[in-house]
Amino acid sequence: MNSNALKKVAVLTSGGDAPGMNAAIRSVVRSSLYYNLEVFGVFRGFEGLIENDIRALNPRSVSQILQKGGTILKSARSEAFREKEGRQKAFENLKSRGIDALIVIGGNGTFTGAMKFQEEFGIKVMGIPGTIDNDLFGSDFTIGFDSACNTVIDAVDKIRDTALSHNRIFFVEVMGRDAGYIATSCALASGAIAAIIPERKMSIEDLISKLNRGMESKKVSSIIIVAEGGHLGKAVDIAREVEKRFSYYESKVTILGHIQRGGAPSIHDRILASKLGVGAVEGLIEGKSNCMVGKIHKDIVYTPLKDAISKTSKMDENLHRISDILST
Ligand code: F6P
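Residues numbered from 1 in each chain as written. Predicted model: local features only at pLDDT ≥ 70, side-chain atom pairs only at ≥ 80, totals over all residues. Heavy atoms only, no water.

(A) Here's a closer look at the overall build of the chain. Within the chain, the regular secondary structure consists of eleven helices and eleven strands. Across its three principal axes, the chain shows a C-alpha extent of roughly 70 × 35 × 30 Å. A distance of 3 Å separates the average location of the 43 positive side-chain charges in the chain from that of its 38 negative side-chain charges. (Helix = DSSP H or I, 4+ residues; strand = E, 2+ residues; numbered from the N terminus. Lys, Arg positive; Asp, Glu negative; His and termini not counted. Charge placed at Lys NZ, Arg CZ, Asp CG, Glu CD.)

(B) Summary view of unusual backbone geometry. Of note, the phi angle at Gln64 is positive, near 60 degrees, even though the residue is not glycine. Summarising the element assignment, Gln64 is placed in the loop between β3 (54-56) and α3 (84-96). Here the phi dihedral of Asn134 falls at roughly 55 degrees; this positive angle occurs in a residue that is not glycine.

(C) Representation of the pattern of salt bridges within the structure. A complete count under the given rule lists 17 salt bridges for this structure. Between Arg44 and Glu51 there is a salt bridge, with the nearest N and O atoms lying 3.0 Å from each other. The partly exposed category is assigned to Arg44, whose relative accessible area is 26%. On the basis of relative accessibility, which here comes to 47%, the residue Glu51 falls in the partly exposed class. (Salt bridge = Lys/Arg side-chain N within 4 Å of Asp/Glu carboxyl O. Buried < 20%, exposed > 50% of the residue type's maximum accessible area, 1.4 Å probe, protein only.)

(D) Region of interest: the sheet that holds strand β11 (residues 299-304). Taken in spatial order, the seven strands make up an open sheet running β3-β2-β1-β4-β5-β10-β11, and their pairing is mixed. Each edge of the sheet is formed by a strand with only one pairing partner; in this case those strands are β3 and β11. The average undirected angle you get between the axes of adjacent strands in this sheet is 30 degrees. In the sheet, strand β2 (residues 38-42) pairs with β3 via three bridges, with the strands oriented antiparallel. Within the sheet, the bridge partner assigned to Phe40 lies in β3 and is Ala56. Contacts between helix α1 (residues 21-34) and the sheet are confined to β1 (8-13), β2, β4 (101-106) and β5 (124-129), with β4 contributing the most and set at about 160 degrees to the helix. (Pairing = 2+ DSSP bridges. Axes fitted to C-alpha atoms, helices over the stretch in contact; angles between N-to-C directions. Contact = heavy atoms within 4.5 Å.)

(E) Here's a closer look at the packing of helix α6 (residues 181-190) against helix α11 (residues 317-326). It is the contact of α6 with α11, at a shortest axis distance of 9 Å, that shows an interaxial angle of 30 degrees. With respect to α11, the element α6 is oriented roughly parallel. Crossing geometry of α6 relative to α11 is assigned as left-handed. Touching Thr184, Ser185, Ala187 and Leu188 of α6 are Leu319, His320, Ile322, Ser323 and Leu326, all from α11. Of the residues contributing to the contact of α6 with α11, the split by class is five nonpolar, four polar and no charged. (Parallel < 35°, antiparallel > 145°, perpendicular 65-115°, else oblique. Left-handed = near helix turned anticlockwise from the far one by under 90°. Nonpolar A, V, L, I, M, F, W, Y, C, P; charged D, E, K, R; others polar.)

(F) View of the packing of aromatic side chains. In the structure shown here, the tally under the stated rule is eight aromatic pairs. Taken together, a centroid distance of 5.3 Å and an interplanar angle of 65 degrees make the contact between Phe81 and Phe117 edge-to-face. You can see Phe81 sitting in the loop between β3 and α3 and its partner Phe117 sitting in helix α4 (residues 108-121), a full 36 residues away along the chain. As far as burial versus exposure is concerned, Phe81 and Phe117 are alike and both buried. Taken together, the ring pairs connect Phe46, Phe81, Phe91, Phe117 and Phe121 into an aromatic cluster. Geometry around Phe43 places Arg55 over its ring, the cationic atom sitting 3.8 Å from the centre. Taking the ring centre of Tyr302 as reference, the NZ or CZ of Lys288 above it sits at 4.8 Å. (Phe/Tyr/Trp six-rings, centres within 6.5 Å; stacked < 30°, edge-to-face > 60°. Lys NZ or Arg CZ within 6 Å of the ring centre and 35° of its normal.)

(G) Representation of the sheet that holds strand β6 (residues 168-174) within the structure. Strands sit in the order β7-β8-β6-β9 across an open sheet of four strands; the sheet is parallel. Looking at strand neighbours, the two that pair on one side only are β7 (194-196) and β9 (250-255), the edges of this open sheet. Strand-to-strand twist across the sheet, computed as the mean angle between neighbouring axes with direction ignored, equals 20 degrees. In this structure, β7 lies alongside strand β8 (residues 222-227), joined through three bridges in parallel fashion.

(H) How the structure looks around the side chain of Ser27. Summarising the element assignment, Ser27 is placed in helix α1. Setting aside anything within four residues of it in sequence, one finds Ser27 in contact with Ala273, Ser274, Gly277 and Val278.

(I) Here's a closer look at the site of the ligand. Taken together, the residues surrounding the ligand are Arg77, Ile132, Asp133, Met175, Gly176, Arg177, Glu228, His258 and Arg261. A distance of 2.9 Å separates an oxygen atom of the ligand from a polar side-chain atom of Arg77. Glu228 places a polar side-chain atom, nitrogen or oxygen, 2.4 Å from an oxygen atom of the ligand. Considering the ligand on its own, with 400 Å² of exposed area, one finds that the protein chains cover 77% of that surface. (Near = heavy atom within 4 Å. Polar contact = N/O pair within 3.5 Å; in protein donor to acceptor, adjacent residues only side chain to side chain. Areas by Shrake-Rupley, 256 points an atom, 1.4 Å probe, with all protein chains shown as cover.)

(J) Quick peek at a nonpolar patch on the surface. Taken together, the side chains of Val236, Val253 and Ile255 make up a nonpolar region of the molecular surface, amounting to roughly 220 Å² of accessible area. Here Val253 is to be found in strand β9. (Patch = residues over 30% accessible without salt bridge, like charges linked within 9 Å, V, L, I, M, F, W, Y side chains within 5 Å.)

(K) Quick peek at α4. The terminal C-alpha atoms of α4, which comprises 14 residues, lie 20 Å apart, in line with the 20 Å expected from a rise of 1.5 Å per residue. Lining the buried residues of α4 we find α2 (45-50), α3, β4, β5, β10 (291-296) and α10 (305-310). A positive phi of about 75 degrees marks Gly122, the residue just after α4. (Expected span 1.5 Å × (residues − 1).)

The following block contains the structure:
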């Protein structure tokens, strides 16, 4: 493998944490050391990069983290990195240590900052998709999505017990400010009658028709999954509207919130994170940069950061179709 003069890499996590980020950090650190690269951890994302919160890591620095949620490097959404002055300081901190490349684990906002950073200062950057939202182009899945979905369906299964016992409709709000992947997948996997998401129009009337159909076929409870960024508003607003027109059953709302981001990563996320961490380091060694490492089917692929954030990863329409067929 061509070493491409790469000697020192740094890794950070930024934006919303996601289960499996630690597994990705471990993979980056251990594979860097395997290829005789020095590796540094940047704490608190771009904020720590600006404030020089950077430490050398060794194989033991990442012991016992594979199975843990959150991120040992901590995360932040940095306002200062949006300014040229902040990015200049960040670059100087990397330069003073002779760091040639920066691996960023995060989502849309993280990659937008990283792309700008490479363009301005020529530092090599490589993105690893770490977000529960699964909304990046260039990877079938992002790290954290599978674990978050497991948390959601575990909660919905429990909610269903009480929904059934009381003949109630439950509106369960899940994360996804701009993306409905969690809502769509969890609706199918938990037997919900509908997913209300940002990418797909559904009217209150459509929802009422579904509820009426359910009632005609003697359904005594229903679950509706609402993405927080759904076009009909928040779960409480939708529940209020539905109650005005469908009063046979009482409506209840549960907002799952940040529990979706916590907890141990699933086996899927641990394996994905391990593969992408090695893929990121090997890609940099091969001379790739300004891209995101992803996995499509079984292949490790590299997508320019600008495409990863601007092209939309297509929602699998079949999920909705199957949900409609099965949720009668
Ligand atoms: O970007 C991931 C995400 O989980 C979104 O789905 C959600 O809207 C957002 O983070 C919440 O972020 P915060 O923790 O800053 O409230």
